[in-house]
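# Chain and residue survey
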Amino acid sequence: MLEKRTPIAVGEAVKRVMQYATEGKVEQVDITESYGRYVAEDIAADQDVPAFDRSPYDGFAIRAIDSAAASAENPVAFEVVGTIGAGFVFDELVEPGQAVRIMTGAPIPAGCDAVVMLELTKGYEADGKTYMTIKRAFSAGTNISYRGEDVKQGAVLVKKGTYINPGVSALLATFGYAQVPVFVKPVIGVIATGSELLEPHEVLAPGKIRNSNAYMMLAQIERAGATAKYYGKLSDDLAVCIEAVKKAMAEVDCLITTGGVSVGDFDYLPAIYEAIGADVLFNKVAQRPGSVTTVAQCDGQLLFGLSGNPSACYVGFELYTKPLIKAALGSQAPHLRREKATLGVDFKKPNPFTRFVRSTVTVTDGKLVATPSGFDKSSAVSSLADANAFIVLPGGTRGYEAGMQIDVLLLEDTNGSAWPWDNIVPSYR
Ligand SMILES: Nc1nc2c(c(=O)[nH]1)N[C@H]1C(S)=C(S)[C@@H](COP(=O)(O)OP(=O)(O)OC[C@H]3O[C@@H](n4cnc5c(N)ncnc54)[C@H](O)[C@@H]3O)O[C@H]1N2
Ligand code: MOO
Ligand SMILES: [Mg+2]
């Protein structure tokens, strides 16, 4: 008899998956290899930045008090007693009436408390000495970049779990992280199932299609910050599939299969879970696409049985697999980032299930506007390329109209949201 599947709410499905979330191990990588990784500890400043008072300009360091009487009619002359470039220290005390030629980034010489830009000075030589004159007074503190004005020692600059962007790279270098502690990337296995599948290099034949899901997921896995391991495509042969799944499980942190999770004669994933003794956490979710999304666990290792339909597979990964990866990478906000947007067009399709519509979010007049990115069927592959968000439409409504405020989940974002789905109304057919 056909097994009856009871759909559970998306939030409940996420919760069941996240019970298996664990923070990953830590490794040290060279700073040149750290871009795009996730830092595994808080990065705190062990020094002030800048570490010394310095000049923001090329010019002359002076004692401001010596310039007090300067005016256009009465320029004041300073004897130039030295020159320092960035990287060098002027190690004498500057006396009244003296100035030091200074370059941008050089430490302010002892005794000086202002810098005059080169363009505001006039130089001359007399009696074998060098002088410069200025035509106005400068107050103490003029043109000084003070020690610690950028970063105070002790400040936590980068929190554990932060994505290393180019700005974080600059901070890591500033604070001497030649080796950077990062979370080890979880290894996610991918198996595509289906006798109809051909690989991209193969010529189409009657009834066959090219396997797009595996390559889509390899990219999704990389985008989420993990390492993808592809085990190829399998024909619908139960014994072969069981062996392949077992082999892959031994080598990865978690395994994704695509296809074969519904109720067709050749949908073998339910039988595979049974054969390997896996415990199914859920096999029906009140969502579209991806209602067949199945997750099972075997000794704490998760198996994602994503749909064979490309859009359903894509959505299943983003909603359930990605947060697990993000949690392993130390994220406190592992779910897709949720924002409010305005619906750009009518979306009349009523649905009892919560919809995740592949969409393009644009910024129009300073506001997010979301519009479906193409053919809206679970089997669609064409709407994925332009999708940078999902429009979330809770189930049980008669459809939506352009201009309504809706929730969107952003796909190209690295910050995430902590728990974005608590107000989605569950709805059952
Ligand atoms: N009687 C029912 N039929 C179906 C139900 C149902 O509830 N009752 N659910 C439908 C829904 S919803 C979905 S989604 C699909 C799920 O199918 P499976 O996960 O079992 O996947 P397959 O049957 O293997 O394939 C479905 C579809 O996707 C194509 N496919 C498969 N793998 C790939 C790949 N790697 N790249 C590109 N396309 C792929 C495959 O050729 C099929 O067209 O079931 C509905 N049926
Ligand atoms: O799982 Mo299916 O995607 O709801 O079409
Ligand atoms: Mg099927």
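Residues numbered from 1 in each chain as written. Chains lettered and ligands numbered in written order. Predicted model: local features only at pLDDT ≥ 70, side-chain atom pairs only at ≥ 80, totals over all residues. Heavy atoms only, no water.

As named in an unreviewed UniProt entry, the protein chain is Molybdopterin molybdenumtransferase, taken from Kurthia populi. In UniProt, the protein chain has this text filed under Cofactor (unreviewed entry): "Mg(2+)". The record held by UniProt for the protein chain lists under Function (unreviewed entry) the comment "Catalyzes the insertion of molybdate into adenylated molybdopterin with the concomitant release of AMP." (UniProt positions renumbered as here; feature names shortened; annotations may be inferred.)

What follows is about the overall build of the protein chain. In terms of regular secondary structure, the protein chain is built from 6 helices and 24 strands. Taken over the C-alpha trace, the protein chain has a radius of gyration of 31 Å; the compact-globule value for 429 residues is 22 Å, which it surpasses by more than 25%. If one aligns the C-alpha atoms of the protein chain with their principal axes, the spans along those axes are about 110 × 50 × 40 Å. Per-residue burial over the protein chain gives 49% buried out of 429 residues. (Helix = DSSP H or I, 4+ residues; strand = E, 2+ residues; numbered from the N terminus. Rg over C-alpha atoms; globule rule 2.2 N^0.38 Å. Buried < 20%, exposed > 50% of the residue type's maximum accessible area, 1.4 Å probe, protein only.)

Right, let's talk about the coordination of the magnesium ion (ligand 3) for a bit. Donor atoms from the polypeptide that bind the magnesium ion (ligand 3) are Asp267 (OD) and Asp267 (OD), placed at 2.3 to 2.4 Å. Note that aspartate 267 resides in the loop between β15 (254–258) and α5 (269–276). (Donors = N, O, S within 2.8 Å, 3.2 Å for Na, K, Ca; no water.)

So, about the site of ligand 2. If you check the shell around ligand 2, you find Arg288, Pro289, Gly290, Ser291, Val292, Ala312 and Ser378 and nothing else. Take serine 291: an N or O atom from its main chain is 2.6 Å from an oxygen atom of ligand 2. Each residue belonging to the shell around ligand 2 can be placed in one class, and the counts come to 3 nonpolar, 3 polar and 1 charged. (Near = heavy atom within 4 Å. Polar contact = N/O pair within 3.5 Å; in protein donor to acceptor, adjacent residues only side chain to side chain. Nonpolar A, V, L, I, M, F, W, Y, C, P; charged D, E, K, R; others polar.)

The next point concerns helix α1 (residues 10–18). What α1 keeps buried is the set Val10, Gly11, Ala13, Val14, Val17 and Met18. When α1 is viewed along its axis, its buried side chains cluster within an angular range of 160° and face the same direction. Along its buried surface, α1 packs onto β16 (279–282), β17 (287–288), β18 (294–298), β19 (301–306), α6 (310–328) and β21 (354–364). (Arc of directions from axis to C-beta. Contact = heavy atoms within 4.5 Å.)

With mixed pairing, the 6 strands of this open sheet are ordered in space as β6-β3-β5-β4-β8-β7. A strand with exactly one partner marks an edge of an open sheet, and here the two such strands are β6 (114–117) and β7 (121–126). Going across the sheet, the axis of each strand differs from the next one's by a mean of 40°, ignoring polarity. In the sheet, strand β3 (residues 59–62) pairs with strand β5 (residues 98–102) via 3 bridges, with the strands oriented antiparallel. Directly across from phenylalanine 60, in β5, lies its bridge partner arginine 101. (Pairing = 2+ DSSP bridges. Axes fitted to C-alpha atoms, helices over the stretch in contact; angles between N-to-C directions.)

Here we take up the environment of proline 166. For proline 166, the location among the structural elements is in helix α2 (residues 166–174). Between the C-alpha atom of proline 166 and that of valine 26, which follows or precedes it by 140 residues, the distance is 21 Å.

Counted residue by residue, β15 has 5 buried out of 5 residues, so it is predominantly covered. Every second residue of β15 is oriented toward a common face, with Cys254, Ile256 and Thr258 on one face and Leu255 and Thr257 on the other, all of them buried. Note that strand β11 (residues 187–193) and β15 share 5 bridges and pair parallel. If you follow isoleucine 188 over to β15, its bridge partner there is cysteine 254. Here β15 pairs with β19 via 4 bridges, running parallel. Paired with leucine 255 across the bridge in β19 is leucine 303.

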